[in-house]
Amino acid sequence: MDTQAPLTDASDASLEPVSPEALVPEAPPKTNKEYIEDLVKQARSAAGKLASLSTTVKNQALLAMADGLEAKTDEILAANEEDLKAFEEGEKGKDKAFADRLRLTPERIAEMAKGLREVAKLPDPVGESLKMWQRPNGMLVGRVRVPIGVIGIIYESRPNVTADSAALCLKSGNVCILRGGSEAIHSNRAIAAVLAEAAEKAGVPAGAVSLVDRTDREVALELLKQDQYVDLIIPRGGESLMKTVTEESRIPVIKHDKGICHTYVDMDADLAMAKTVCINAKVQRPSTCNAMEALLVHEKVAKAFLPELVKELSEAGVEVRGCAKTCQIAPEAKPASEEDYGREFLALILAVKVVKNMDEAMEHIVKYGSRHTEAIITNDYGRGLRFLREVDASAVMINASTRLNDGYQFGLGAEIGISTTRIHARGPMGLEELTCSKFVVYGSGQVRE
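Described below are features of the structure shown in this document. (Residues numbered from 1 in each chain as written. Predicted model: local features only at pLDDT ≥ 70, side-chain atom pairs only at ≥ 80, totals over all residues. Heavy atoms only, no water.)

In a beta sheet, neighbouring strands pair by backbone hydrogen bonds and run either parallel or antiparallel. Strand order in the open sheet formed by four strands is β5-β4-β3-β6, with parallel pairing between adjacent strands. Pairing within the sheet leaves two strands with one partner each, and these edge strands are β5 (209-211) and β6 (232-236). In this sheet, neighbouring strand axes are inclined to one another by 20° on average, regardless of whether the strands run parallel or antiparallel. Two strands pair when backbone bridges link them, and strand β3 (residues 150-155) and β6 are joined in this way by five bridges, in the parallel orientation. Within β6, the position partnered with Ile151 by the bridge is Leu232. Where helix α1 (residues 32-51) meets the sheet, it contacts β3, β4 (175-179) and β5, and its direction lies at approximately 150° from that of β4. Relative to β6, helix α9 (residues 239-248) is tilted by about 165°, and along the sheet it contacts β3 and β6. (Pairing = 2+ DSSP bridges. Helix = DSSP H or I, 4+ residues; strand = E, 2+ residues; numbered from the N terminus. Axes fitted to C-alpha atoms, helices over the stretch in contact; angles between N-to-C directions. Contact = heavy atoms within 4.5 Å.)

Below, the structure is given as structure tokens:
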């Protein structure tokens, strides 16, 4: 009778011994809820450690993160090419403004690194004493700046937001959970990996810089439910994103809404200066939220101002859409529709309207503006101050381009966005805007009578 061959018989490879590890069934992939819960718990765990880090460690981490971006430029650009290729093959592939926001270049990566180094140079707001006073019982009461905690940032298209947000959150002692758009997923993965690795090597706790690595819409909705672990949500993007976040979030939200920015050229304006400012506000980078989208011109200077301006704008590739008076004065302009005056073009398109006076200009701004950035060009001191006082926006300018409403331009370093919300912070959100305060009390045995 044949003897049964042992199971370890080398003649039958299919019967080779199996390792104990191979007998353990592979764990099923985490659900979106499980994935987000793990992420936010790690972030909350890191928050206490990050809040107490010294300024020296935070600055060293920021400098290491900047060096890492420059060292990995080729890898980041290769990842960005994947995103650009997928975008160009998609339904929105012809949207030049969107493509510009998505595109990275060596120069833009260098700017990201520069922004990190600029943040490292800024004063650390954490622990700053805001005020101190003494009560009649001898007790000293004060307020100091402290980090907000864990901040979720939900944004679209611009990969540079990943670096800017991480830098500002780290320096202000906040953990950041970054959720970029699916269109930039490869770019954001590459950037976040560099930043997180460099930060951790410099002494920053793991989880302080986290990227939501899944692009499902449900993942973002799960993040918005995590009010036990996340202290603030900051959305940056289009109207649809803002609507979804504000409706679905259980967590406080600071909005960075659309920018329907106006420039009003007054009857006493220096027209040469006005032309320079208006061209810069529209042409310098039209895909940004602080680019001018509508131009209002006093009727007394319209004939002297508009023909040359419209000609130069047209030569720069701008499509000018004007009211009937504008089209009559400057034939290059196309007739504007009512919708054009409340639209954020984010492209080389400009709506123009001739107005009777400053009152009409301000009424137009109230009706169509988004309270982002508004500017007046005038040499009349009184009207300039009235415009500053009465126009409601996160930034109001006299004789300056709307493009200057920016954290870096205001001396805040990089910014996490421009808040159009009134509560807590408004305008460019730099380091101080990413902190809150707590009361501190110095006593010597005082009790309440």
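With that out of the way, let us pick up the pattern of salt bridges. Close approach of charged atoms lets side chains of opposite charge pair. Throughout the structure, instances matching the rule amount to 32 salt bridges. Arg321 is the partner of Glu319 in a salt bridge, and the nearest nitrogen-oxygen pair spans 2.6 Å. Among the residues examined, Glu319 registers a relative accessible area of 25% and is labelled partly exposed. Of the residues examined, Arg321 reaches a relative accessible area of 16% and is grouped as buried. Between Glu390 and Arg386 there is a salt bridge, and its shortest N-O distance comes to 2.9 Å. Of this pair, Glu390 and Arg386 both sit in helix α14 (residues 381-390), four residues apart, which is roughly one turn of the helix. Assessed through its relative accessible area of 43%, Glu390 is described here as partly exposed. One continuous salt-bridge network, built from bridges that share partners, spans Glu319, Arg321, Lys334, Asp340 and Arg343. (Salt bridge = Lys/Arg side-chain N within 4 Å of Asp/Glu carboxyl O. Buried < 20%, exposed > 50% of the residue type's maximum accessible area, 1.4 Å probe, protein only.)

Now for the sheet that holds strand β1 (residues 129-134). In spatial order, the strands read β1-β2-β16; together these three strands make up an open sheet with antiparallel pairing. The outermost strands of the open sheet, each flanked by one partner alone, are β1 and β16 (435-442). The mean angle between the axes of side-by-side strands here comes to 20°, regardless of whether they run parallel or antiparallel. Sheet topology note: the β1/strand β2 (residues 140-147) ladder contains five bridges and is antiparallel. Within β2, the position partnered with Trp133 by the bridge is Val141.

To characterise two packed helices, one gives the angle between the axes of the helices and the distance between these axes. Relative to each other, helix α3 (residues 73-88) and helix α7 (residues 185-201) sit at 160°, their axes nearing to 7 Å. In terms of orientation, α3 lies roughly antiparallel with respect to α7. Classified by chirality, the crossing of α7 by α3 is right-handed. Counting all contacts with α3, which are made through Ile76, Ala79, Asn80, Glu82 and Asp83, the residues of α7 involved are Ile185, His186, Ser187, Ala190 and Ile191. Classifying every residue of the contact of α3 with α7 gives five nonpolar, three polar and two charged. (Parallel < 35°, antiparallel > 145°, perpendicular 65-115°, else oblique. Left-handed = near helix turned anticlockwise from the far one by under 90°. Nonpolar A, V, L, I, M, F, W, Y, C, P; charged D, E, K, R; others polar.)

Within this structure, the stated rule accounts for three aromatic pairs. Taken together, a centroid distance of 6.1 Å and an interplanar angle of 50° make the contact between Tyr341 and Tyr368 tilted. Here Tyr341 is found in the loop between β10 (334-335) and β11 (349-355), whereas its partner Tyr368 is found in helix α13 (residues 358-368), with 27 residues between them in sequence. Judged by relative accessible area, which is 7%, Tyr341 ranks as buried. Directly above the aromatic system of Trp133 lies the positively charged group of Lys131, at a separation of 5.5 Å from the ring centroid. Above the face of the Tyr35 ring, Arg214 is positioned so that its terminal group lies 4.5 Å from the ring centre. (Phe/Tyr/Trp six-rings, centres within 6.5 Å; stacked < 30°, edge-to-face > 60°. Lys NZ or Arg CZ within 6 Å of the ring centre and 35° of its normal.)

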